[in-house]
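Spelled out, the chains give:
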Amino acid sequence: MSTLGSFDGFQPVALKQDGDDQPSERDHLSVKEDDPLKAIESNQITRQPSITETTLYPNPYVRPYTSRKYFVTRPGAIDTAMEDLKGHVAGTTGETVQSFWLLTEVDHWNNEKERIVVITDETLLICKYDFIMLSCVQFQRIPLKYIDRICLGKFAFPGKSLDTRQGEGLRIYWGNTENQSVLSRWNPWSTEVPYATFTEHPMKYCNEKFREICKMSAFTAKLLPAVDNAHKVTIGPRRGKGVIVLTEPILIETYMGIMSFIGNRNKLGYSLARGSVGF
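What counts as what
Residues numbered from 1 in each chain as written. Predicted model: local features only at pLDDT ≥ 70, side-chain atom pairs only at ≥ 80, totals over all residues. Heavy atoms only, no water. Helix = DSSP H or I, 4+ residues; strand = E, 2+ residues; numbered from the N terminus. Buried < 20%, exposed > 50% of the residue type's maximum accessible area, 1.4 Å probe, protein only. Areas by Shrake-Rupley, 256 points an atom, 1.4 Å probe, with all protein chains shown as cover. Salt bridge = Lys/Arg side-chain N within 4 Å of Asp/Glu carboxyl O. Disulfide = S-S within 2.5 Å. Phe/Tyr/Trp six-rings, centres within 6.5 Å; stacked < 30°, edge-to-face > 60°. Lys NZ or Arg CZ within 6 Å of the ring centre and 35° of its normal. Pairing = 2+ DSSP bridges. Patch = residues over 30% accessible without salt bridge, like charges linked within 9 Å, V, L, I, M, F, W, Y side chains within 5 Å. Core = buried A, V, L, I, M, F, W, Y, C linked by side-chain atoms within 4.5 Å. Contact = heavy atoms within 4.5 Å. Polar contact = N/O pair within 3.5 Å; in protein donor to acceptor, adjacent residues only side chain to side chain. Expected span 1.5 Å × (residues − 1).

J.: I'd love a proper account of the overall build of the chain, names of residues and values included.
T.: The secondary structure content of the chain amounts to eight helices and nine strands. Relative to its 279 residues, the chain shows a buried fraction of 35%. Carbon and sulfur atoms provide 55% of the accessible area of the chain, an area that totals close to 18,300 Å².

This is the structure we're talking about:
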């Protein structure tokens, strides 16, 4: 009787890769030399390639699974938001909605915020919409007649800034930035900033519908004539003044950017599925 720890009688076996045409020593030990038919069958069984395949599910690199994290892409979410805003505009101002847009607002501290932008006959409405609860959270109304400058260009930062952002955007001015107070300039939650900056939403390539309402060039093409028309019908000193369109870098005056670094990389400004908290 053999004892524990004894390895007598065991033979080392060399591992063989799938599809290897060279027989191993184990193949010769398992058949008799005088039976060539069994040897051939044994070799064929040994060399049979593996047909199993390991697959991660869901695949994090497949776009549909990535897009489903954003609640705005859930079936009916964006349609419900548009109907809610259309009813709000009709019930409060009586204006006619011209177009809806799903964009990302970049505030003066470089924080990204998911926004629905509505162009009416007289107003630019910037809405913070909760796509989880399907309700409007905050409105910002900018009369089109007060928009006097629109800037298109790439994002730029101060020379010593540690914060960066790639891509292009659009900035809409409705006041003089020189009159902006120091408190509102350095307050990350200030609502007295006389401009709004937008860029394209991350889900712009989700499907054809989102490609249309997230495209910055299409939004600009709708905004410019709406502003020009608002200036033409304005009564007073601003009548016919028009809007100035500039092509220049869009400066974001942030230096450290710790808040935006954490918030933007975790998409804190979006209605996003963030996984289970409990078990």
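The rest of the description comes next.
J.: Now, about the pattern of salt bridges: what can you tell me, with residues and values included?
T.: Tallied over the full model, the rule gives seven salt bridges. A salt bridge links Asp 107 to Lys 113; the nearest nitrogen and oxygen atoms lie 3.5 Å apart. With a relative accessible area of 27%, Lys 113 lands in the partly exposed category. One salt-bridge network, held together by shared partners, links Glu 112, Arg 165 and Lys 267.

J.: Describe the state of the cysteines, listing the residues and the values that go with them.
T.: The final tally for this structure, using the stated rule, is zero disulfides. Of all cysteine sulfurs in the structure, the one in Cys 214 sits closest to Cys 206, which takes part in no disulfide; the separation is 8.7 Å.

J.: An account of the packing of aromatic side chains is requested, with residue identities and associated values reported.
T.: Here the distance between the centres and the angle between the planes together describe a pair of aromatic rings. The final tally for this structure, using the stated rule, is five aromatic pairs. With centroids separated by 5.0 Å and ring planes inclined at 55 degrees, the aromatic side chains of Tyr 129 and Phe 131 adopt a geometry described as tilted. On the numbers, 6.2 Å between centres and 70 degrees between planes, the contact of Phe 198 with Phe 219 is edge-to-face. Of this pair, Phe 198 sits in strand β7 (residues 195–200) while Phe 219 sits in helix α7 (residues 216–232), and the two are 21 residues apart along the sequence. Judged by its relative accessible area of 0%, Phe 219 is buried. An aromatic cluster of at least three residues, connected via ring pairs, comprises Trp 101, Phe 198 and Phe 219. Positioned above the aromatic ring of Phe 71 is the side chain of Arg 74, whose terminal nitrogen or guanidinium carbon lies 4.5 Å from the ring centre. Taking the ring centre of Phe 155 as reference, the NZ or CZ of Arg 165 above it sits at 5.7 Å.

J.: Help me get a handle on the pairing of strand β3 (residues 123–130), residues and values and all.
T.: Here β3 lies mainly inside the structure; six of its eight residues are buried. As defined by bridge partners, strand β2 (residues 112–120) adjoins β3 across four bridges and the pair is classed as antiparallel. In the sheet register, Val 117 faces β3, and the bridge partner there is Ile 126. Where β2 folds back onto β3 in an antiparallel hairpin, the turn is made up of two residues.

J.: So, a nonpolar patch on the surface: which residues are in play, and what are the values?
T.: A grouping of Leu 162, Val 182, Trp 186, Tyr 255, Met 256, Ile 258, Phe 261, Ile 262 and Leu 268 is seen on the molecular surface, where their side chains present a nonpolar patch of about 1,000 Å² in accessible area. For the nonpolar patch, the elements supplying multiple residues, two or more each, are α5 (182–186) and α8 (258–265). It is α8 that provides the largest number of residues to the nonpolar patch, a total of three residues. As for its placement among the helices and strands, Met 256 is situated in the loop between β9 (250–251) and α8. Of the residues examined, Met 256 reaches a relative accessible area of 54% and is grouped as exposed.

J.: Describe the nonpolar core, and please don't skip the residues or the numbers.
T.: If you look at the biggest cluster of nonpolar residues, it comprises 23 residues, and the most contacted ones within it are Val 72, Ile 78, Leu 102, Ile 116, Phe 131, Phe 210 and Ile 213. Looking at this core, the elements that each hand over two or more residues are α4 (77–92), β1 (97–106), β2, β3 and α6 (208–213). Beyond its immediate stretch of four places on either side in the chain, Ile 116 contacts Ile 78, Ala 81, Leu 85, Phe 100, Trp 101, Leu 102, Leu 125, Ile 126, Cys 127, Tyr 129 and Phe 131. Counting residues in each nonpolar core, the second largest holds 22 residues, with Leu 103, Val 117, Leu 170 and Phe 198 among its members.

J.: Break down the environment of Tyr 255 for me, with residues and values.
T.: Position of Tyr 255 relative to the elements: it lies in the loop between β9 and α8. Separated by 98 residues in sequence, Tyr 255 and Phe 157 place their C-alpha atoms 8.0 Å apart. The contact partners of Tyr 255, leaving out residues within four places of it in the chain, are Pro 158, Lys 160, Ser 161, Leu 162, Asp 163 and Trp 186.

J.: Describe the side chain of Ser 99, listing the residues and the values that go with them.
T.: Among the secondary structure elements, Ser 99 is positioned in strand β1. Polar contacts involving the side chain of Ser 99 include one to the side chain of Trp 101, which spans 2.7 Å. In this structure, Ser 99 is in contact with Val 117, Val 118, Ile 119 and Lys 222, ignoring residues within four places of it in sequence.

J.: Give me the lowdown on α7, citing residues and values where you can.
T.: Over its 17 residues, α7 extends 25 Å from the first C-alpha to the last, a length consistent with the 24 Å expected when each residue adds 1.5 Å. Packing partners of the buried residues in α7 comprise β1, β2, β3, β5 (149–156), β6 (168–173) and β7.

J.: Explain α4 to me, and be specific about the residues and the numbers.
T.: An ideal rise of 1.5 Å per residue puts 22 Å on 16 residues; α4 measures up with 23 Å between its terminal C-alpha atoms. Phi turns positive, to about 75 degrees, at Gly 94, one or two residues after α4.

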